[in-house]
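Architecture at a glance
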Amino acid sequence: MNTLRFCLFCFVLVFDIKGVAMAMAVAAMNSKNDRSMFSSSVASSVTESGGVLGGCNFTIPRSTIKLLKVETTAEVGGDGGGAARVSAWVDSMRASSPPRVRSTITSPSTLSQTGDEQNSWNLSHPSAINMFEEITNASKGKQIVMFLDYDGTLSPIVEDPDKAFMSNEMREAVRAVAKYFPTAIVSGRSRHKVYSFVKLAELYYAGSHGMDIKGPSKRNKYKNAINQAVLYQPASAFVPMIAEVCKILVKKTKSISGAKVENNKFCLSVHFRCVEEKSWDALAKQVSLVLDEYPELKLTQGRKVLEIKPDIKWDKGKALEFLLKSLGYANNSSEVLPVYIGDDRTDEDAFKVLRDRGQGQGIGILVSKVPKETKASYTLQEPAEVKDFLQRLVKWKRMTSLQSQRMEA
């Protein structure tokens with residue numbers, strides 16, 4: 001019998017923000033003499049009752065992957081597409097930064113244009129506090145499920161990411177919300193790190209951008225929940241690689257003052273909030289050089305942070321969908337109203353999932369003081385407003401519960 005062989009072949013067309021197109025082809029062959037190329041493992045949900053949702057991970061050794069380089073239409077610098085990519089990253093790093101302080105002398109026409117843009121954005125993305133009644137009306141007959149980002153949502157953005165503590169008032173607001181609604185923290189931080197900040201055992205936690213999900217350690221009363229001790233880690237095969245890349249990046253970025261590499265177990269964060277802008281190019285180059293050796297990983301960007309993740313089809317939106325299934329709302333969109341509050345680009349995946357559910361079937365709330373392109377429907381300006389919104393939601397729920405009890409009496 002002929003040797004059994006199969007080929008997995010895919011093309012990915014990538015456009016960076018400079019308009020440079022690159023084609024990547026990845027080919028992998030397996031044969032009788034190369035049986036170890038794929039290691040398959042099922043990442044199933046570990047539950048008290050036996051599990052909810054399964055997945056499958058494939059690990060492809062780097063030595064079996066070949067990247068077929070295609071010349072770009074615009075070569076920049078000595079290393080061609082590499083320089084273009086670094087330049088694109090630096091531009092994006094600037095775009096993710098808070099706006100620079102402008103001159104105190106501003107022309108009336110500039111002020112008018114800025115004001116018009118702000119007003120237009122406010123009309124299309126109104127305040128969740130001002131539109132609170134509209135949001136609660138959408139929840140009639142439905143179970144609200146809360147999803148909360150951490151940095152910039154429950155805590156302020158600070159220079160030292162290890163000191164991003166939430167206030168006691170915010171913690172109490174989240175605790176109160178969790179008494180009435182299933183509540184999850186969805187963060188780019190490691191699950192253990194974000195738990196050390198929040199310290200509430202009754203919540204669901206989805207760390208590493210949703211790649212490390214665990215249910216509450218405290219029993220709760222959510223009647224539809226299939227399980228509570230849910231555990232799902234779709235990127236578990238990448239943990240050794242992430243640790244390896246972390247060590248390399250710590251060494252490579254050591255000479256760049258202010259740079260901080262954070263190991264989130266299933267992904268990495270390269271913080272540049274304390275790096276002078278003149279050093280951003282050097283930082284981006286170091287990250288680019290390291291990632292060239294690890295094609296299984298990809299880079300995304302957030303607020304003053306470069307995020308390095310496994311290149312798998314999983315994000316905060318997928319985590320939201322998984323948690324809804326774990327709560328028993330997989331096919332009951334008319335019975336649940338997911339509400340997601342976040343401030344970062346990575347939260348847009350969750351906002352998109354909610355928008356795709358249809359009108360009135362999900363609420364996305366962006367935390368931002370400045371106009372941004374977003375798929376969220378509403379906005380809150382800062383964590384203080386998030387706290388006010390959560391407190392108001394609890395007060396509304398208590399009032400409606402009392403009214404229902406009186407009507408039944």
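Please read all numbers here as calculations on a predicted model, not as lab measurements.

Another aspect to go through is the confidence of the model for the protein chain. Chain-level pLDDT for the protein chain is 78 on average; 71% of the residues reach the 70-or-more range. Element-level mean pLDDT values for the protein chain span from 35 in strand E3 (residues 39-42) up to 98 in strand E7 (residues 183-186). Below a pLDDT of 50 lies the segment residues 1-80, which in the model reaches 144 contacts outside its immediate sequence neighbourhood of four places, other chains included. Here residues 98-106 is modelled with pLDDT under 50, and outside its nearest four sequence neighbours on either side it reaches six contacts, counting other chains as well.

We now examine the packing of helix H4 (residues 168-180) against helix H10 (residues 383-408). Axis separation between H4 and H10 bottoms out at 9 Å; the angle between their running directions is 35°. Considering the relative orientation of H4 and H10, their crossing is left-handed. Within the contact between the two elements, H4 uses Glu169, Met170, Ala173, Val174, Ala176, Val177 and Tyr180 and H10 uses Pro383, Val386, Lys387, Leu390, Gln391, Val394, Lys397 and Arg398.

Taking strand neighbours across the sheet as the criterion, the eight strands line up as E10-E9-E8-E7-E6-E15-E16-E17 in an open arrangement whose pairing is mixed. On the outer flanks of this sheet lie strand E10 (231-232) and strand E17 (378-380), each paired with one strand and no other. In this sheet, E10 lies alongside strand E9 (residues 212-214) in antiparallel orientation, the contact comprising two bridges. From the neighbouring strand, Ile213 faces E10, where its bridge partner is Tyr232. Running over the sheet, helix H5 (residues 191-198) touches E7, strand E8 (204-207), E9 and E10 and is turned about 135° from E8.

Here we take up the nonpolar core. One finds Phe147, Leu249, Leu297 and Ile308 to be the most contacted residues of the largest nonpolar core, which totals 56 residues. Ranked by residues supplied to this core, first place goes to helix H7 (residues 280-291) with six residues. If we ignore the near neighbours within four places in the chain, the residues touching Leu249 are Val261, Leu268, Val270, Gln286, Val287, Val290 and Ile308. In this structure, Leu154, Leu203, Leu380 and Phe389 belong to the second largest nonpolar core, which totals 37 residues.

So, on to the pairing of strand E16 (residues 363-367). Side-chain positions along a regular strand alternate between the two faces of the sheet. Within E16, five of the five residues are buried, which leaves the element mostly enclosed by the surrounding structure. Residues Ile363, Ile365 and Val367 line one face of E16 and the alternating positions Gly364 and Leu366 line the opposite face, and both faces are buried. Two elements, strand E15 (residues 336-342) and E16, share four bridges in a ladder whose sense is parallel. Across the sheet, residue Ile341 finds its bridge partner in E16, namely Ile365. After leaving E15, the chain enters helix H9 (residues 348-356) and then returns to the sheet as E16, a path that is right-handed. Two strands pair when backbone bridges link them, and E16 and E17 are joined in this way by three bridges, in the parallel orientation. By the bridge assignment, Val367 is partnered in E17 with Leu380.

Criteria and thresholds
- Residues numbered from 1 in each chain as written.
- Predicted model: local features only at pLDDT ≥ 70, side-chain atom pairs only at ≥ 80, totals over all residues.
- Heavy atoms only, no water.
- pLDDT = per-residue confidence, 0-100.
- Helix = DSSP H or I, 4+ residues; strand = E, 2+ residues; numbered from the N terminus.
- Contact = heavy atoms within 4.5 Å.
- Axes fitted to C-alpha atoms, helices over the stretch in contact; angles between N-to-C directions.
- Left-handed = near helix turned anticlockwise from the far one by under 90°.
- Pairing = 2+ DSSP bridges.
- Core = buried A, V, L, I, M, F, W, Y, C linked by side-chain atoms within 4.5 Å.
- Buried < 20%, exposed > 50% of the residue type's maximum accessible area, 1.4 Å probe, protein only.
- Right-handed = clockwise from strand over helix to strand, strands pointing away.

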